[in-house]
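Understanding the architecture of this molecule
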Amino acid sequence: EEERYADSLRKVVGSLPQQEGLLLPGTTAFRYSNHFDQYTDPHAFAGKGALPAPPEESKELVTIEVSHPTNDSVFVCSAWFRCRMNLPEMPYLSFTQYDVQEKVVLQGDIQAAKSTYIIGDWFKAEGIMHIGRQVHKIKLAVNGGSKRFIAFDELLIYPKNSIYFYKGDQGRLFLNNRPVN
């Protein structure tokens, strides 16, 4: 049954002209993705590149302007960490949400150590992120530095009750940031 569902999704996504998006026609829901293709890495998880692990313990990745109105308040935030396998401490993604006056609304983290989806030495860090109507921007940082991980790839934020697709290189298809073929 699950395989039949995946086959149906592959057919639907394959017929769409866009490379990535939500499987809801005409949706304007807030979402964010970064494939880090501006970096070159022969071992990228998907696409052409991955962000090399910074030498510092914590490095700000991006500041995201949140488009409103958004009807959703529960989002999934996920990314792939290529981890150093011989260490007990693992990297994580941290976020800070701000309102229009630059006051902190919410802080949290998404840990690779809690991953239940691992491919080789790539760990999918995934967690729920609540984004309230007052949130104006989100700052994301990677934590752990090159002591804990090698590279970071495929950052995605999307509404929890949606299916997000991405058509990667060599015909690879990703649904909700997981490869399906």
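In this report, we go over the structure that sits alongside the text.

Reading the values: the criteria
- Residues numbered from 1 in each chain as written.
- Predicted model: local features only at pLDDT ≥ 70, side-chain atom pairs only at ≥ 80, totals over all residues.
- Heavy atoms only, no water.
- Core = buried A, V, L, I, M, F, W, Y, C linked by side-chain atoms within 4.5 Å.
- Buried < 20%, exposed > 50% of the residue type's maximum accessible area, 1.4 Å probe, protein only.
- Helix = DSSP H or I, 4+ residues; strand = E, 2+ residues; numbered from the N terminus.
- Contact = heavy atoms within 4.5 Å.
- Pairing = 2+ DSSP bridges.
- Axes fitted to C-alpha atoms, helices over the stretch in contact; angles between N-to-C directions.
- Salt bridge = Lys/Arg side-chain N within 4 Å of Asp/Glu carboxyl O.

On to the nonpolar core, then. Formed by 30 residues in total, the largest nonpolar core has its most connected members in F81, L93, I131, L140, F152, L155 and I157. For this core, the elements supplying multiple residues, two or more each, are β4 (58–65), β5 (74–83), β6 (92–98), β9 (122–130), β10 (137–143) and β11 (149–159). If you tally residues by element for this core, the top one is β5, at five residues. Ignoring sequence-local partners within four residues, the contact set of F152 consists of F36, A50, L51, L61, A79, W80, F81, L93, W122 and V142. Judged by nonpolar contacts, the second largest core, of nine residues, contains A46, A50, A151 and Y166.

This brings us to the sheet that holds strand β14 (residues 178–179). Strand order in the open sheet made by the four strands is β1-β12-β13-β14, with antiparallel pairing throughout. Each edge of the sheet is formed by a strand with only one pairing partner; in this case those strands are β1 (20–22) and β14. Bridging between strand β13 (residues 173–175) and β14 involves two bridges; their strand directions are antiparallel. Following the sheet pairing, F174 is matched in β14 by P179.

Note that S162 resides in the loop between β11 and β12 (164–167). Beyond its immediate chain neighbours, meaning those up to four positions away, S162 contacts L22, L24 and N176.

Let us look at the sheet that holds strand β7 (residues 104–111). The strand order across the open sheet built from four strands is β4-β10-β6-β7, with neighbouring strands paired in antiparallel fashion. Across the chains shown, the open sheet's two edge strands, defined by having one partner strand only, are β4 and β7. Shown here is a sheet whose adjacent strand axes are inclined to one another by a mean of 20°, direction ignored. In this sheet, β10 lies alongside β6 in antiparallel orientation, the contact comprising seven bridges. Bridge pairing links Q97 to I138 in β10.

With that settled, consider the pattern of salt bridges. Counting across every chain of the model gives five salt bridges. R148 is the salt-bridge partner of E57, the closest N and O atoms lying 3.4 Å from each other. You can see E57 sitting in the loop between β3 (51–52) and β4 and its partner R148 sitting in helix α2 (residues 145–148), a full 91 residues away along the chain. Residue classification places E57 among the partly exposed positions, given a relative accessible area of 42%. Across the pair R148 and E89 runs a salt bridge, and its minimum N-O distance is 3.3 Å. One end of the pair, R148, is in helix α2; the other, E89, is in the loop between β5 and β6, with 59 residues separating them in the sequence.

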